[in-house]
Structures are given as structure tokens and as C-alpha cells.
Amino acid sequence: MTEPRRLPLETWGRHWLGRLQHWADRRAWSRYGFEFLMFGIKQGWACLFGGAMLALLLATHLWWPDAAPVSRYDFLVVGALFIQAAMLALKLESWEEARVIFVFHVVGTIMELFKTQAGSWIYPEDSVLRIGMVPLFSGFMYAAVGSYIARIQRIFDIRFRHYPPLWTTWALAAAIYVNFFAHHWLPDIRLGLFAATAVLFGRGWFYFTPDRTRRRMPFLLGFFLVAVFIWLAENLGTYANAWIYPSQSGGWHPVSLAKLGSWFLLMMISVVLVSLVRRPEEESRPATAD
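Turning next to helix α8 (residues 190-201). Given a rise of 1.5 Å per residue, 12 residues ought to cover 16 Å, and the 16 Å separating the end C-alpha atoms of α8 matches this to within 8%. Looking at α8, one finds that the buried residues are R190, L193, T197 and F201. Buried residues in α8, looked at end-on, bunch into an arc of 50°, giving them a common side. Exposed residues pointing more than 90 degrees away from the buried face of α8 are listed as L191 and V199.

Structure (C-alpha cells):
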């Protein structure tokens, strides 16, 4: 099968892992174990931007000095820009993926401006680099999701079957985005949006390559699993006091499981936004082909 496009460091890493792969091919159990290892490595690599941002949030929360000359939130803005610049300079990220991050930053910041004004969540620390109630680092939290979606498609060589017509996905994403705002005044239609998502994507599969063999997974299951991991990351973010919900103002506690629904719908917006930069490609190979 055709090798997925790799950046230089990814090529070096795959060459190094080839030695372990050669040993693992001697037995069936170790071959499958190596494939599982590669799946985890590739997932972590796809999360590089988001993982670096989450590490920065936790580190500054635990060790930020009270007498620092700049606020923690302002430092996070500079840190996020540095991470982005370093990933491009070291060729850890393509310019196409950087464009996706920029789009997500804009879309996320607009939502943040509205949601903080509506009191959905707050940023409890002071800062200078902000728009209204929203510190500028917040847009990078949405950008991290966009970075993951864009990178995972390239790293896993993801292709699709039964991907719905693009115009229908654009309409769905627009309705989801509008509902994030409109439900503050109008009835919340998220149940209808869940149903529309199931109708459009319910019969679809995406195909991916953890190591050498093509595997497949239903669209909806994949979206849900990613939403679960975003929810876990959100718990770490609120623990780090990057932002908090009103119910957490008296002390931290886990984010409600109900937020999984919001993240699932955000996943749909994420997939559609990435499709504007990188159009979905049809899978043409059998799922079990090497």
C-alpha cells in the first residue's frame, strides 16, 4: 500500500522503530503487540500540540511564582505561540496543519467571547493579553482539537467510506455552531442535532493504518472516543485553573459527564472545518490489506 506522507522526524522515528518491528514479526503475539504500540505512539504524536499545551497549563498551575512580573495567562499566550513556532521550525507540523490551527483559533475565540459573557464559564486570573473576558491563550485550546484532527488524518493515512455529501456536513456544522449560541434564548435542539449526526454519519466508516495493516472503525464510535479524551483533558484544564465552570468556583470537582455531548458536537464542527482544508478521500483498499 502507499506510504502516508511523513515529516522528516516522523521518517526518522519510523526507521528506528523498524528494528523493533523486525523482532516483533517473529511471533503473532508480539506482532499484534507492536501494532498496538504503534497505535499509541501515533495517537500521542497526533496530540503533540494539545499535549504540549496541557503540560504547560499544569506546570504553570503547580509552579507559577506569586511574584512573577507577568501574569500566568499572558505567559500561556507567549508559550502557545512558542510551541506553534517551534513545531513549524522543527518540521513537527506542516503548514497545512498550522492553517487548520488558525481557523480553529478564530472560531473558538468567537465562541469564548460569547460564552464568557453569558456566564457559561469564567477565567479567574488576571491578564493583559485578552479580549474582553477572554485571555488570548483560550483560542489555542480549540486549536489543539483542530491540530489533532488534521494530524491524525495524515499520520494514520485516514480514508473514508460512505462519507456524507459535503454540503450536508457543512449545514450540520453550521446548525451545531449556531445552537451553541442560540440555546441561551431559544429551545436547545441538540437532541435533533445528535439525530441528524447519526443519520448522516451512521453508516460511515473510516480506515486507518496503525502499523502496516488497514483497520476500520465506525464514524460515530471514533467521534465518541475522541470526545471522551477531550472531556478528560478538560478535567485537567479546569483542575489547572485555566478556566472554571460556575459550579467549580467553590472548589474543583470533575466536569459533568453531560459535557460529553457538547464535545461530541464540537467534534462534528472540527471534522467539517478540517474537511475545508483537506477534503475527505475515499478508501479504495480492502481493510485487511498489508
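Read on, since the account is not over.
Let us now look at the side chain of R151. In this structure, R151 sits in helix α6 (residues 138-155). Residue classification places R151 among the buried positions, given a relative accessible area of 0%. At 3.5 Å, the side chain of R151 forms a polar contact with the backbone oxygen of A46.

A word on a nonpolar patch on the surface. The grouping of L62, W63, Y239 and W252 at the surface amounts to a nonpolar patch, some 510 Å² of accessible area in total. Mapped onto the fold, W252 is located in the loop between α9 (219-239) and α10 (259-277). With relative accessibility at 41%, the residue W252 sits in the partly exposed group.

Below, the discussion takes up the pattern of salt bridges. For side chains of opposite charge, pairing can occur when their charged atoms come near one another. One pass over the structure, following the stated rule, counts 8 salt bridges. Close ionic contact of R159 with E281 constitutes a salt bridge, the shortest N to O distance being 3.1 Å. With R159 in strand β3 (residues 159-161) and E281 in the segment after α10, the pair connects residues that are 122 residues apart, well separated along the chain. Since its relative accessible area comes to 19%, R159 is described here as buried. Relative accessible area serves as the criterion here: at 41%, E281 is assigned to the partly exposed category. For D211, the salt bridge goes to R212, with nearest N and O atoms at 3.2 Å. For D211, a relative accessible area of 9% corresponds to the buried category.

Here we come to the environment of R159. Here the alpha-carbon distance between R159 and E281, two residues 122 residues apart in the chain, equals 5.3 Å. At 3.0 Å, the side chain of R159 forms a polar contact with the side chain of D157. A polar contact is formed between the side chain of R159 and the side chain of E281, at a distance of 3.1 Å.

A few words on the side chain of S270. By the element assignment, S270 lies in helix α10. Its relative accessible area of 0% is what places S270 among the buried residues. When neighbours within four sequence positions are excluded, S270 is seen to be in contact with F104, V145 and I149.

On to the packing of aromatic side chains. What describes a pair of aromatic rings is the distance from one ring centre to the other and the angle between the planes of the rings. For the structure shown, the criterion picks out 24 aromatic pairs. For the ring pair Y123 and F137, a centre distance of 6.0 Å and an interplane angle of 90° mean the geometry is edge-to-face. In this pair, Y123 is assigned in the loop between α5 (95-118) and β1 (130-131) and F137 in the loop between β2 (134-135) and α6, connecting sequence segments 14 residues apart. For the pair Y123 and F137, one class covers both residues: buried. With a centroid separation of 6.1 Å and 70° between ring planes, the pair formed by F156 and F208 is classed as edge-to-face. Remark: F208 occurs in strand β4 (residues 205-208) and F156 occurs in the loop between α6 and β3; sequence separation between them is 52 residues. Ring pairs connect the aromatic residues F39, F156, F160, Y163, F194, F201, F206, F208, F219, F223 and F264, which therefore count as one cluster. Lying over the aromatic face of W205, R216 brings its terminal NZ or CZ to 3.9 Å of the ring centre.

Analysis parameters
- The residue numbers shown here count from 1 along each chain, following its written sequence.
- Whole-chain, interface and lining totals are the exception, using all residues; otherwise, since this is a predicted model, local features are given only for residues with pLDDT of at least 70 and side-chain atom pairs are given and counted only at 80 or more.
- Side-chain numbers here rest on the full set of heavy atoms in the structure, without hydrogens or water.
- Secondary structure follows DSSP: runs of H or I at least 4 residues long count as helices, runs of E at least 2 residues long count as strands, and numbering of each begins at the N terminus.
- The span expected for a helix works out to 1.5 Å for each residue beyond the first.
- Exposed residues in this analysis have more than 50% of their type's maximum accessible area, buried residues have under 20%, and partly exposed residues fall in between, with area computed by a 1.4 Å probe over protein chains only.
- This arc is taken over the directions from the axis of the helix to the C-beta atoms.
- Polar contacts here mean pairs of N or O atoms no more than 3.5 Å apart (in protein, one a potential hydrogen donor and the other a potential acceptor; neighbouring residues in sequence count only if both atoms are side-chain atoms).
- The patches reported here contain residues having more than 30% relative accessible area and no salt bridge. Joining distances are 9 Å for like charges and 5 Å for nonpolar side chains (Val, Leu, Ile, Met, Phe, Trp, Tyr).
- Here the Shrake-Rupley method, with its probe set to 1.4 Å, supplies the accessible areas, and only the displayed protein chains count as covering residues.
- We define a salt bridge as a contact between a side-chain nitrogen of Lys or Arg and a carboxyl oxygen of Asp or Glu at a distance within 4 Å.
- Contact definition: two residues touch when any of their heavy atoms are within 4.5 Å.
- Only centres within 6.5 Å qualify two rings of Phe, Tyr or Trp (six-membered ring in Trp) as a pair; their planes then separate them into stacked at under 30 degrees, edge-to-face at over 60, and tilted for everything else.
- Note on geometry: a ring has a charge over it if NZ (lysine) or CZ (arginine) is within 6 Å of the ring centre and within 35 degrees of the ring normal.

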